[in-house]
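Fold and geometry: a report
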Amino acid sequence: MDAFDGAQRRIRILNGPQRGATHPVRDRMGIGRASSSDIQLVHDGISRQHAQIVTDEQGRHVLIDLDSSNGTFIEGQRIRRHVLVPGTIFKIMRLKLIYETHVETHVDDAVDASPSEVYAVRRLDVKTLRGTVDYSVADLPQPIEGAVGEPVGEPDHPQPRDGMRRTSSSAAAQARGEERHRIVATRDDGSTYPGSLIDDIIEYRDLRIRNDRGDPLEAAERRTFEQLRGRLHAGEPESAATGTAPRRRQFERFQCNFPAKLRFAVGEELSAAVLDIGVDGSRLRVYDHQIEHDAIVWLAIHLVSRGRARTVVFTGRVAWTCRNHVGLGFAGAPGWEHVGHRKVEVRTHMDLGEQLRAARATLGRVQLRRSSS
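The notes below deal with the structure included here. Throughout, residues of each chain are indexed from 1 in the direction in which the sequence is written. Restriction of local features to residues with pLDDT of at least 70 applies here, the model being predicted, together with a cutoff of 80 or more for giving and counting side-chain atom pairs; totals for whole chains, interfaces and linings are based on all residues. For the side-chain quantities, the full set of heavy atoms in the structure was used; hydrogens and water were omitted.

1. Focus on the side chain of His 289
- For the purposes of this entry, the term helix denotes a DSSP run of H or I that reaches at least four residues, the term strand denotes a run of E that reaches at least two, and both are numbered from the N terminus. Within the element layout of this structure, His 289 appears in the loop between strand E17 (281-285) and strand E18 (296-305).
- Accessibility here uses a 1.4 Å probe with only protein chains present; expressed as a share of the type maximum, an area under 20% marks a residue as buried, one over 50% as exposed, and anything in between as partly exposed. Of the residues examined, His 289 reaches a relative accessible area of 12% and is grouped as buried.
- At a separation of 2.6 Å, a polar atom in the side chain of His 289 contacts the main-chain carbonyl oxygen of Cys 322.
- We define a polar contact as two N or O atoms separated by no more than 3.5 Å, with the added condition that, inside protein, one atom must be a possible hydrogen donor and the other a possible acceptor, whereas residues neighbouring each other in sequence contribute only through side-chain atom pairs. In terms of polar contacts, His 289 uses its side chain to reach the backbone carbonyl oxygen of Arg 323, at 3.4 Å.
- Every residue pair with non-hydrogen atoms within 4.5 Å of one another is taken to be in contact. With residues up to four places along the chain from it excluded, the contact list for His 289 reads Leu 270, Thr 321, Cys 322, Arg 323, Asn 324, His 325 and Val 326.

Rendered as structure tokens:
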């Protein structure tokens, strides 16, 4: 918080694949390429520990460049230390970030009557079908013009099975050309996850980064950290006596079905449906894609809850692919920064047919590269 007016400050990313993502400013925040950064920016020209924001003795937030190779810039000038004021825009490589006062953005309709309901938003206009997002009410940044996604007419979100689809068609949402999908997450045993899964995942990941980095957590934060780990954890491995194979994941993958966008460094977006998600990864349906195994991508989810609109973005690496599905491992997952390129990896949550298609597709691309070289 600012020492002068007590208002909550945040950093918002203005462009690139993480555009729209926001990060509340704390006493200390790291910015860089490393997974341990509070704001992780994946780009070869960005240092692992590139910059940080600290609070000085007067309670002001100060941006400090950590002797990075390519620098931190404000108004075209390379800086080493700069006191931030609301509205300050700073640039790291081509990425622009703004330091601003956090103001809640409310959407004025009656869809969110229940405080526990969270909706993923998709647009129904032509621009969204081409793979972009643009709605002014939600205070989201404008997308890059000319982004290419699915052809017009391709469904933006597939019809789910077992009646899991829950949509909203309020008059206000229709007037904005939106369709909202209530996020309902279920465990393997069929029970429904209580509360907002996406918010809990984001909060847990943030606390985990700070804990692993050795930052002190307050008593309330420590309790929240332990509670969230208990909720999101996959549980103890099954014993051999049960005849059930032990779990391979540390955290549960929750079954769901809601729309999102898959963003790429070149500025493109593809429409996707999130089929499962957990602390360290997600499984998506993306129709007829040509996404490469091991590619770095960004999963963007546009949310409305309690009348508040926001965008969350997960940085991920493609762990496996098949024709209409993609598996992501999120940044910060164990071994994320040390995954070998062109590795054929088969995940147990795929059925046998999907496993074979994923392995053949990856091997086929490797053989094609070798034959053309």
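That shown, we press on.
2. Regarding the pairing of E18
- With 9 of 10 residues buried, E18 is to be regarded as a mostly interior element.
- One bridge is not enough; two strands pair if DSSP finds at least two bridges between them. Two elements, strand E15 (residues 254-263) and E18, share 3 bridges in a ladder whose sense is antiparallel. Residue pairing in the sheet places Lys 261 in a bridge with Ala 300 of E18.
- Pairing of E18 with strand E19 (residues 308-322) involves 10 bridges; the strand directions are antiparallel. Note that in E19 the partner of Leu 299 across the bridge is Phe 314.

In short, geometric facts, not functional conclusions.
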